[in-house]
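# Breakdown of the fold
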Amino acid sequence: MASRLARLARRPVAALFLVRSSRPVRQFSYQIFPVGSDHVKSKRPLGKLLPNASPYQLWSRSFSSEDGESADAVVPFMGESITDGTLATFLKKPGDRVEQDEPIAQIETDKVTIDVNSPLSGVIEKLTASEGDTVTPGTKIAVISKSDAPASDTHVAPSEEKSEKVTPKEPLEEKPVKVESPKVEKPKPVAPAPPSKTSPTEPQLPPKDRERRVPMPRLRKRVATRLKDSQNTFALLTTFNEVDMTNLMKLRSDYKDEFQKKHGVKLGLMSGFVKGAVTALQNQPVVNAVIDGDDIIYRDYVDISIAVGTPKGLVVPVLRNVEQMGFADIEKKINELAKKANEGTISIDEMAGGTFTISNGGVYGSLISTPIINPPQSAILGMHSIVPRPVVVDGSVVSRPMMYLALTYDHRLIDGREAVFFLRRIKDVVEDPRRLLLDI
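Below: a short report on this structure. (Residues numbered from 1 in each chain as written. Predicted model: local features only at pLDDT ≥ 70, side-chain atom pairs only at ≥ 80, totals over all residues. Heavy atoms only, no water.)

Turning our attention to the pattern of salt bridges. In the structure shown here, the tally under the stated rule is 15 salt bridges. Here aspartate 244 ties to arginine 400 by a salt bridge, and the two come within 2.8 Å at their closest N and O atoms. Of the two residues, aspartate 244 is situated in strand β13 (residues 236-244) and arginine 400 in strand β23 (residues 396-410); the sequence distance between them amounts to 156 residues. Of the residues examined, arginine 400 reaches a relative accessible area of 25% and is grouped as partly exposed. A salt bridge links arginine 417 to glutamate 418; the shortest N-O distance between them is 3.4 Å. (Salt bridge = Lys/Arg side-chain N within 4 Å of Asp/Glu carboxyl O. Helix = DSSP H or I, 4+ residues; strand = E, 2+ residues; numbered from the N terminus. Buried < 20%, exposed > 50% of the residue type's maximum accessible area, 1.4 Å probe, protein only.)

Structural data, given as structure tokens:
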């Protein structure tokens, strides 16, 4: 048996076989036979690898070429909740030189875009998948060769890898061809075409050549599904308020230079709203809760999701444990996550979870809107553009920079009273940031 296994292990192609073992799986001996070497015995417990005891042990060898000078580029693990993705684009083409861990392709999933890196430094020998293919973790998409000379066949699609053997046909004997004189037929009379029955009032559709049909990106599909599920599941209700931005804008103007000099980041308005949301969630914990079946889950921590619009779609990275963060920590983390989101390098872990969401449509000039809840959360705050408007202050009409705030909440869990108090707390903190210092 050992000699047979050794012969299989020396083959330059992938070998997968089962070995009958008389010892328990958790403590046994196994043998690895590298190509061109003697048997090497070693012991290694596989209790974690094979938790279910079985009398059979799994043996495998990864793919290698005849001289071990090539390797396969495969789709990496994409996350616990992601089973497949779409091969969006190849960043390299056959014949290109690549370095180890250099991205050669991008996989588009429901949540993020994942890079497929080269396993070694070399030249792309061939591509084994095509753009638009649905791939799973472990799928081979390219072959990388250490040799500087690319293979003659530059692209091999999966459907083209298997070729059929063609049996050469024997030459056919030539036979004399009889030439017959053509028969002249009399032309048949052509019936006149019936008059057009098109009604003058029938709508004229635009020509198809002026339309474009493209596949919907997976991220857009995921966003569409989640937003529609939110509308179908939650009892959505939106309440509004307006906030005077004078004091918060003055605070930023007075301390922005010192703040940036000390912390290395600009002082923005978002951190003030995040801190206001934290105090509001602590005062109204039901807004930070969520319905789970017949139960209500109250979270004693605050993880705030920040909606970020990217060229590929909307993503919602999460600020963790915001109740323990200061203004500088919030600004740094927002800038870091926003940069990753726009570059497409944000990870799934950085978008998982979240107890409350803030969406700032004001950066695009939105005056007012009704945001949709991000499941499985129970509420979302919508910020909007700052517009000078006439307001009454101490009996006088003055111009102040005003912003409309919108809170959309799940009315199954949150009553109007809690929603109004929540929004009022944010208004009070933003209009007078000194309340944060005094905790009033």
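Below, the discussion takes up the nonpolar core. By size, the foremost hydrophobic cluster in this structure holds 69 residues, and its most contacted members are Phe273, Phe356 and Ile358. In terms of residue count, the dominant contributor to this core is helix α4 (residues 270-283) (7 residues). Among residues more than four places away in sequence, those in contact with phenylalanine 273 are Val243, Met245, Leu248, Ile358, Met383, Met403, Leu405, Ile426 and Val430. (Core = buried A, V, L, I, M, F, W, Y, C linked by side-chain atoms within 4.5 Å. Contact = heavy atoms within 4.5 Å.)

With that out of the way, let us pick up the environment of glutamine 282. Checked against the element boundaries, glutamine 282 lands in helix α4. Accessibility expressed as a relative area gives 49% for glutamine 282, which makes it partly exposed. For the pair glutamine 282 and tyrosine 301, spaced 19 residues apart in sequence, the C-alpha separation works out to 8.9 Å.

Between α4 and helix α6 (residues 416-431), the least distance of the axes is 8 Å, while the angle of their chain directions is 140°. Looking at the two axes, α4 sits oblique to α6. In the packing of α4 onto α6, the handedness of the crossing is right-handed. Between α4 and α6, the residues in contact are Gly272, Phe273, Gly276, Ala277, Thr279, Ala280, Leu281 and Asn283 and Phe422, Arg425, Ile426, Val429 and Val430, respectively. When its residues are assigned to classes, the contact of α4 with α6 shows 8 nonpolar, 4 polar and 1 charged. (Axes fitted to C-alpha atoms, helices over the stretch in contact; angles between N-to-C directions. Parallel < 35°, antiparallel > 145°, perpendicular 65-115°, else oblique. Left-handed = near helix turned anticlockwise from the far one by under 90°. Nonpolar A, V, L, I, M, F, W, Y, C, P; charged D, E, K, R; others polar.)

Read these as geometric descriptors, not functional statements.
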